[in-house]
Amino acid sequence: MDYIIAKWLHILSSTLLFGTGIGTAYYFFFASLTRNPPIMAAVARNVVTADWAFTATTMVIQPLTGFYLVYLTGIPLTSRWIMWSTGLYLLAGACWVPVVWLQIRMHYLASHASRSESELPALYWRYFRLWIALGIPAFVALVIVFYLMVAKPA
């Protein structure tokens, strides 16, 4: 029973992690392309909230349930797919932390531009490019982790 519950939590949290990530990235990206500060500020506020509510919690649940499943099944931590999954997961997390900081800063910049009815500063767009540059490797890393979790190659 422990195995089924742990596996269910692991799959559920991975779905929430990936789904929230791709969904919020989609809306944040296209809201930014509108160049409309009120829209951008509102979407950024919701994206930051979703990141803290869903992404942060599932980023903690994933390794806890994953390593517990490894323990329950007796798979060695030195298995190549476990080591690759762990490394790629850490890479995704290392990209996510600055992404959240960027989103908070971008929200502030969009909110300020909205309140003052001004254009977005160039800093917003520098942050936006960096946000994309960090999001791509995080996305690719998690896609590979999904494959490794399913295929468990030797």
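Just above, that's the structure.
As the structure is a prediction and not an experimental result, all values here were calculated from the model. (Residues numbered from 1 in each chain as written. Predicted model: local features only at pLDDT ≥ 70, side-chain atom pairs only at ≥ 80, totals over all residues. Heavy atoms only, no water.)

Chemist: For this particular structure, what's the right way to read the packing of helix α1 (residues 2-34) against helix α4 (residues 122-151)?
Modeler: Helices that pack against each other are described as a pair by the angle of their axes relative to one another and the distance between those axes. Where α1 meets α4, the axes come as close as 11 Å, and the angle between the chain directions of the two elements is 155°. Between α1 and α4, the interaxial angle falls into the category roughly antiparallel. Judged by the twist between their axes, the crossing of α1 over α4 is left-handed. Residues His 10, Ser 14, Leu 17, Phe 18, Ile 22, Ala 25, Phe 28, Phe 29 and Ser 32 of α1 form the contact with α4, whose participating residues are Tyr 124, Trp 125, Phe 128, Trp 131, Ile 132, Phe 139, Leu 142, Val 143, Phe 146 and Met 149. Each residue belonging to the contact of α1 with α4 can be placed in one class, and the counts come to 16 nonpolar, 3 polar and no charged. (Axes fitted to C-alpha atoms, helices over the stretch in contact; angles between N-to-C directions. Helix = DSSP H or I, 4+ residues; strand = E, 2+ residues; numbered from the N terminus. Parallel < 35°, antiparallel > 145°, perpendicular 65-115°, else oblique. Left-handed = near helix turned anticlockwise from the far one by under 90°. Contact = heavy atoms within 4.5 Å. Nonpolar A, V, L, I, M, F, W, Y, C, P; charged D, E, K, R; others polar.)

Chemist: I keep staring at the packing of aromatic side chains and nothing clicks. Help me out?
Modeler: Each pair of aromatic rings is reported with the distance of its centres and the angle of its planes. One pass over the full model with this rule turns up 13 aromatic pairs. Aromatic pair Tyr 26 and Tyr 27: ring centres 5.2 Å apart, planes at 90°, arrangement edge-to-face. Judged by relative accessible area, Tyr 27 falls into the exposed class, the value being 56%. Between the aromatic rings of Phe 128 and Trp 131, the centroid separation amounts to 5.8 Å while the plane-to-plane angle is 15°, which identifies the pairing as stacked. You can see Phe 128 and its partner Trp 131 sitting in helix α4, 3 residues apart, about one turn around the helix. (Phe/Tyr/Trp six-rings, centres within 6.5 Å; stacked < 30°, edge-to-face > 60°. Buried < 20%, exposed > 50% of the residue type's maximum accessible area, 1.4 Å probe, protein only.)

Chemist: Would you mind going over the environment of His 10 with me for this structure?
Modeler: On the secondary structure map, His 10 appears in helix α1. Between the alpha carbons of His 10 and Leu 69 there is a distance of 8.7 Å; along the sequence they are 59 residues apart. Each residue touching His 10, except ones within four places of it in the same chain, is listed here: Gln 62, Thr 65, Gly 66, Leu 69 and Met 149. A distance of 3.4 Å separates the side chain of His 10 from the backbone nitrogen of Gly 66, its partner in a polar contact. (Polar contact = N/O pair within 3.5 Å; in protein donor to acceptor, adjacent residues only side chain to side chain.)

Function-wise, these values are silent; they only describe arrangement.
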